[in-house]
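A structural walkthrough
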Amino acid sequence: MSDQSPTPAESSYSYLGPAGTFTEAALKQVPDAAGKTWHAVNNVAEALADVVSGRSTAAMIAMENSVDGGVSATQDALANVPGLRIIGEYLVPVNFVLVARPGTTLADVRTVNAHPVAYAQCGTWLNETLPGHGHIPASSNVAAAAALLNDSHADAAIAPPGITEHYPLEVLAEDIGDNGNAVTRFVLVSRSRAIPAPTGADKTSLIVELPDDVSGSLLGMLEQFSTRGVNLSLIQSRPIGDSLGRYRFIIDADGHIADERMADALLGLRRFSPNVIFLGSYPRADKQTIEFTSRYDDAIFIEARQWLRGLLDPNHTAG
Ligand SMILES: O=C(O)C(=O)Cc1ccccc1
């Protein structure tokens, strides 16, 4: 037997590739990922499977877009794959160019290769400039462009602006997104049980189901937050999938599980809901300190608990 302790496995990261995607730009924002092994994969499910199998320590996945909304593949995967935790969030400004093989002009373009989320964000420009065009879906923005040089039947592709640094393609049009200020929010997901320390500018992500056949249960769920002064920055429903009319809610709440008001809201949710998934507490990408009224300070919750303990303690006189 060796007398040396084993070296901890080097961390590695999975992301939607190939190189040059917005997802890669998000991963470049993670200081710990620099110089480590990066695995380019084809979709969110593959990235999360890498984390589950241990091939990667963490995966960067797109969560929501300021124009197109939540990425349903991500939301559903986080609800269905147990044991995953979000450990960070990253924002990437997204704008798009239309590229084609050299020699192609806009008038030649009949079909466009594009990732569905990118395609949805360029609808106005595409419908005005290329009415009647066809859409061929691609697994990523860079895969859409790369395919033009391989087997794609498309005439053009929607891609990130830096694409011509990676592939010998020509830009037919720039800035074709519906909103020039579009931003995509990415999350870094791991299997680690360690929760990033509170910073005062944190977010807690949850997935919550409602009790069946209880009228007003959505309001009841929201009250768990409002009565503890916890603000929500995202609430979105997704079908659970087992029958029509059954939904789960994807929630981002301002604050950290170590904050008393958040912990108390989680206790309330756990009592109320048949299924609460804690996806993690982590620093907000925008670093904005969470504002809340002093009525919900940690000290107020702690004092109330001590008061209750005092009432139950026969040797306690004060209070
Ligand atoms: O990361 C990429 O480049 C992708 O293909 C996913 C995507 C699609 C549209 C906006 C942001 C991310």
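Residues numbered from 1 in each chain as written. Predicted model: local features only at pLDDT ≥ 70, side-chain atom pairs only at ≥ 80, totals over all residues. Heavy atoms only, no water.

Bringing the site of the ligand into the picture now. Near the ligand, the surroundings consist of L16, T21, F22, T23, H115, V117, A118, Q121, S140, N141 and T184. One of the backbone nitrogen or oxygen atoms of F22 is found 2.9 Å away from an oxygen atom of the ligand. Take T23: an N or O atom from its side chain is 2.5 Å from an oxygen atom of the ligand. About the coverage of the ligand: the protein hides 99% of its 320 Å² of free accessible area. Of all elements in the fold, only α1 (22–27) and α4 (116–121) reach the threshold of two or more residues within the shell around the ligand. A total of 3 residues in the shell around the ligand trace back to one element, the largest contributor, which is α4. When we break the shell around the ligand down by domain, the ones giving at least three residues each are domain 1 (6–94 + 182–194) and domain 2 (97–173). (Near = heavy atom within 4 Å. Polar contact = N/O pair within 3.5 Å; in protein donor to acceptor, adjacent residues only side chain to side chain. Areas by Shrake-Rupley, 256 points an atom, 1.4 Å probe, with all protein chains shown as cover. Helix = DSSP H or I, 4+ residues; strand = E, 2+ residues; numbered from the N terminus. Domains from an automatic or database assignment.)

Strand pairing in a sheet relies on backbone hydrogen bonds. The paired strands run either parallel or antiparallel. With mixed pairing, the 5 strands of this open sheet are ordered in space as β8-β7-β9-β6-β10. This sheet does not close on itself; its edge strands, each paired only once, are β8 (134–137) and β10 (170–173). The sheet shows a mean angle of 35° between the axes of neighbouring strands, direction not considered. Sheet analysis places strand β7 (residues 111–114) next to strand β9 (residues 156–159), joined by 2 bridges and oriented parallel. (Pairing = 2+ DSSP bridges. Axes fitted to C-alpha atoms, helices over the stretch in contact; angles between N-to-C directions.)

Residues W307, L308, L311 and L312 make up a contiguous nonpolar surface patch of about 460 Å² in total accessible area. Tracing the sequence through the fold places L312 in helix α9 (residues 298–312). Overall, L312 belongs to the exposed group, its relative accessible area being 66%. (Patch = residues over 30% accessible without salt bridge, like charges linked within 9 Å, V, L, I, M, F, W, Y side chains within 5 Å. Salt bridge = Lys/Arg side-chain N within 4 Å of Asp/Glu carboxyl O. Buried < 20%, exposed > 50% of the residue type's maximum accessible area, 1.4 Å probe, protein only.)

UniProt annotation of "domain: Prephenate dehydratase" (unreviewed entry) refers to residues 12–191 when read in the numbering used here. The annotated region residues 12–191 carries 25% helix and 32% strand content, and the separation between its end C-alpha atoms amounts to 13 Å. (UniProt positions renumbered as here; feature names shortened; annotations may be inferred.)

Each domain of the chain was delimited in the assignment, giving domain 1 (6–94 + 182–194), domain 2 (97–173) and domain 3 (195–319). With 13 residues of domain 1 in contact, the opposing surface of domain 2 contributes 13 residues. Roughly 950 Å² of surface becomes buried between domain 1 and domain 2 when both sides are summed, with 65% attributable to carbon and sulfur atoms. When the area that domain 1 buries against domain 2 is broken down by residue, the three leading residues are P18, F22 and D68, summing to 39%. Linking domain 1 with domain 2 are 0 salt bridges, by the criterion used here. Taken together, the links from domain 1 to domain 2 amount to 2 residue pairs in polar contact (both at pLDDT 80 or more). Across the side of domain 1 that touches domain 2, the residue classes tally to 7 nonpolar, 5 polar and 1 charged. (Contact = heavy atoms within 4.5 Å. Buried area = accessible area lost by both parts, 1.4 Å probe. Nonpolar A, V, L, I, M, F, W, Y, C, P; charged D, E, K, R; others polar.)

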